[in-house]
Amino acid sequence: MLSKKKRQGIGVRIIAAVAMLMVIISMLISSFQLVIYGDSEYGFYEREYEKYTVTEALGMKMEDVMRVTEYMMDYLIGKEDELSIVTTVEGEEQDFFNEQDRLHMADVRNLFLGGLKLRTVCLVAAVVLILILIVTKADWKYLIPRAYSVAVGVFLGIIVLLAIAFSIDFTRCFTIFHRIFFTNDLWLFDPDTDYMIRMLPEGFFSDMVIRIGLTFVVMLILLWCVFRVWRRISHENEGKHEV
């Protein structure tokens, strides 16, 4: 059987690992929000529309496409109650969104807002777990950076595998993602009748995934650097006290 000290050691390591897992999940969700809403002018979206000739596909002016985009993004984050905006499409004044758009985007909004709530829960849980380490007088200054380093290694490995999979067959991976997170087929659009899929082609989502992935990796590395500096300073201070 394990000694009491050994059992405690395993226990605090688990607590530290779970705390860092919560932090990393929060960072992942934040990377989504940062990429999607980080630019209030939606410059990335406009560049993507130009890249994929969206205005030609829709028969719309860029300013009208951007107005629809801003409204759609406000709806996604809960600032608008109904997904409906009248604009000029293919030379006609009409609602840009149809009923399928509204039903699917309602699912997307619930998923996105649910993710933001999950982030809050994860951050609160991480703080509580770290406080437990501090109160129990565990060596949290050592445990937290170590647990984070291990967790980052695991997540980076997963990211590499996902990057390989998406680069090989983005369409299949994109389909699997929708099968996992949606319980219906409302995400399957017909470009001939659905304007939204013309505005947001597959290439747009591919570029978005790359930006989110890079943002997440940068966030992981930055916090890892912070922990490295923190540990170095802690060790130097401990050395001074020993002298």
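For the structure, see preceding data.
Residues numbered from 1 in each chain as written. Predicted model: local features only at pLDDT ≥ 70, side-chain atom pairs only at ≥ 80, totals over all residues. Heavy atoms only, no water.

Please explain the packing of aromatic side chains as it appears in this structure.
How two aromatic rings sit relative to each other is given by the distance of their centres and the angle of their planes. In this structure the tally under the stated criterion is 16 aromatic pairs. Ring centres 5.9 Å apart and planes at 75° place the aromatic pair Phe44 and Tyr45 in the edge-to-face group. Tyr45 carries the same exposure label as Phe44, and that label is buried. Both rings, one in Phe44 and one in Phe204, keep their centres 5.9 Å apart while their planes meet at 40°; by these two values the pair is tilted. You can see Phe44 sitting in helix α2 (residues 43-51) and its partner Phe204 sitting in helix α9 (residues 202-242), a full 160 residues away along the chain. On the basis of relative accessibility, which here comes to 6%, the residue Phe44 falls in the buried class. One aromatic cluster is present, formed by Tyr42, Phe44, Tyr45, Phe166, Phe170, Phe174, Phe204 and Phe205 through successive ring pairs. Above the ring of Tyr75, the side-chain terminus of Arg109 is found at 4.2 Å from the ring centroid. Taking NZ or CZ as reference, Arg211 lies 4.2 Å from the ring centre of Phe44, over its face. (Phe/Tyr/Trp six-rings, centres within 6.5 Å; stacked < 30°, edge-to-face > 60°. Buried < 20%, exposed > 50% of the residue type's maximum accessible area, 1.4 Å probe, protein only. Helix = DSSP H or I, 4+ residues; strand = E, 2+ residues; numbered from the N terminus. Lys NZ or Arg CZ within 6 Å of the ring centre and 35° of its normal.)

Could you clarify how one ought to interpret the pairing of strand β2 (residues 92-95) in this entry?
Each regular strand displays side chains that alternate between the two surfaces of the sheet. Pairing of strand β1 (residues 86-89) with β2, which is carried by four bridges, proceeds in the antiparallel orientation. Bridged to Thr88 within β2 is Glu93. Hairpin connection of β1 to β2: two residues between the antiparallel strands, including Glu90 at a positive phi of 50°. (Pairing = 2+ DSSP bridges.)

Looking at this structure, I do not really get the packing of helix α4 (residues 62-76) against helix α5 (residues 99-135). What am I missing?
The axes of two packed helices give the description: the angle between them and the distance between them. At a closest axis distance of 9 Å, the pairing of α4 and α5 adopts a crossing angle of 55°. One finds that α4 runs oblique with respect to α5. Taking contact as the criterion, the partners of Met72, Tyr75 and Leu76 in α4 are, on α5, Arg102, Met105, Ala106, Val108, Arg109, Phe112 and Leu113. Partitioned by chemical class, the residues of the contact of α4 with α5 number eight nonpolar, no polar and two charged. (Axes fitted to C-alpha atoms, helices over the stretch in contact; angles between N-to-C directions. Parallel < 35°, antiparallel > 145°, perpendicular 65-115°, else oblique. Contact = heavy atoms within 4.5 Å. Nonpolar A, V, L, I, M, F, W, Y, C, P; charged D, E, K, R; others polar.)

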